[in-house]
Amino acid sequence: MDTTVYRQLDPPGSDAPTTGRTTRPDDRPATAVRARGLTKTYGTGEAEVRALDGIDVDFATGRLTAIMGPSGSGKSTLMHLLAGLDDATSGAAYLGETEVTGLGDTALTHLRRERVGFVFQAFNLLPMFTAEANITLPVEIAGGSVDRAWLATLVDTLGLGARLDHRPSELSGGQQQRVAIARALIAKPDVVFADEPTGNLDSRAGAQVLGFLRRSVKELGRTIVMVTHDPAAASYADRVVLLADGRIAGEILDPTPATVLAGLDALRTIEDGDSR
Ligand SMILES: Nc1ncnc2c1ncn2[C@@H]1O[C@H](COP(=O)(O)OP(=O)(O)OP(=O)(O)O)[C@@H](O)[C@H]1O
């Protein structure tokens, strides 16, 4: 049974497919990340909380996808399970063809280091290092060599050129978050998970950061999955996945702030109906 409560599909004339581009300039799989029957419960018996309840979802390569839903709907839990930061109770999460939920600790550490990038609400930069060192350090710690041409592309795309020698305390919040995005992208991970990336920024700096995230996808072909509460932020995405009560409740393609608000309103109506 299709339990989707809200679906706003392609506007007329849109060529946006739900999964991946029809032609990609490389051999990456069309679906970067997927979940099948992904379930997470906390506690047992009376105290059991079903944070995720049989999630089936695909995230396309080369796309910016936003995950939205009411507080407690399972957004962070979903992201943590997809990134291998937490164990599933049942079901599976895949990064490309790798089943993340089937990996041991060592393999998970490698996967997170080599194939996944993270951007958090708090920028998590190292205060004693310059912006450039913050970007390149993860590659150097992992024993790799920095691709200088890719670094230059990222610095250019993220508008960081004049700031590379500055320490985090000498950068604005928006600039710090752009450094954090460059750090997340430097190893060309299969996917970047961004958890409320504009949560600590004012609306102008937030809009800039979202614009750069979008450019990273459109111009550099990267894949980003972003959790956000903000309909304006979600409207930068190619697609919004709606969660409610640990389930996929719908999706919005080519979202605008208005269509995102309408989708969230539809979820609220369903929730109000449930609690009556
Ligand atoms: N460690 C935990 N122990 C017990 N319950 C938890 C734990 N982590 C999350 N939960 C519960 O799981 C459900 C989903 O939580 P989650 O943090 O994924 O929601 P969310 O949509 O990200 O919420 P928010 O928007 O408020 O950050 C909630 O009911 C939450 O209380």
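Relevant structure appears above.
None of these values were measured; they are calculated from a predicted model.

Undergrad: What should I look at first to understand the site of the ligand in this one?
TA: The environment of the ligand is formed by Tyr42, Val49, Ala51, Pro70, Ser71, Gly72, Ser73, Gly74, Lys75, Ser76, Thr77 and His229. Between the ligand and Gly72 there is a distance of 2.9 Å, counted from an oxygen atom to a backbone nitrogen or oxygen. Side-chain polar atom of Lys75 to an oxygen atom of the ligand: 2.7 Å apart, as the coordinates give it. When the free accessible area of the ligand is taken as 640 Å², the share hidden by the protein chains comes to 58%. For the shell around the ligand, the secondary-structure elements that each account for two or more residues are β3 (49–60) and α1 (75–82).

Undergrad: Looking at this structure, I do not really get the packing of aromatic side chains. What am I missing?
TA: How two aromatic rings sit relative to each other is set out by the distance from centre to centre and by the angle between their planes. Tallying each qualifying case throughout the model produces two aromatic pairs. Here the aromatic rings of Phe118 and Phe120 are separated by 5.9 Å at their centres, their planes lie at 10°, and the arrangement is stacked. Classification of Phe118 by relative accessible area gives buried; the value is 19%. The ring of Tyr94 has Arg34 lying over it, and the distance from NZ or CZ to the ring centre is 4.1 Å. Above the ring of Trp150, the side-chain terminus of Lys188 is found at 4.8 Å from the ring centroid.

Undergrad: Please explain the pattern of salt bridges as it appears in this structure.
TA: Side chains bearing opposite charge may pair, as long as their charged atoms lie close to each other. Counted according to the given criterion, the structure contains 13 salt bridges. Glu48 is the salt-bridge partner of Arg50, the closest N and O atoms lying 3.9 Å from each other. According to the relative accessible area criterion, Glu48 is partly exposed, its value standing at 38%. With its nearest N and O atoms 2.7 Å apart, the salt bridge here joins Glu132 to Arg148. With a gap of 16 residues between them, Glu132 in helix α3 (residues 131–141) and Arg148 in helix α4 (residues 148–157) connect regions that are remote in the sequence. Three or more residues joined by partner-sharing salt bridges are found here, namely Glu48, Arg50, Asp53 and Arg247.

Conventions and cut-offs
- Residues numbered from 1 in each chain as written.
- Predicted model: local features only at pLDDT ≥ 70, side-chain atom pairs only at ≥ 80, totals over all residues.
- Heavy atoms only, no water.
- Near = heavy atom within 4 Å.
- Polar contact = N/O pair within 3.5 Å; in protein donor to acceptor, adjacent residues only side chain to side chain.
- Areas by Shrake-Rupley, 256 points an atom, 1.4 Å probe, with all protein chains shown as cover.
- Helix = DSSP H or I, 4+ residues; strand = E, 2+ residues; numbered from the N terminus.
- Phe/Tyr/Trp six-rings, centres within 6.5 Å; stacked < 30°, edge-to-face > 60°.
- Buried < 20%, exposed > 50% of the residue type's maximum accessible area, 1.4 Å probe, protein only.
- Lys NZ or Arg CZ within 6 Å of the ring centre and 35° of its normal.
- Salt bridge = Lys/Arg side-chain N within 4 Å of Asp/Glu carboxyl O.

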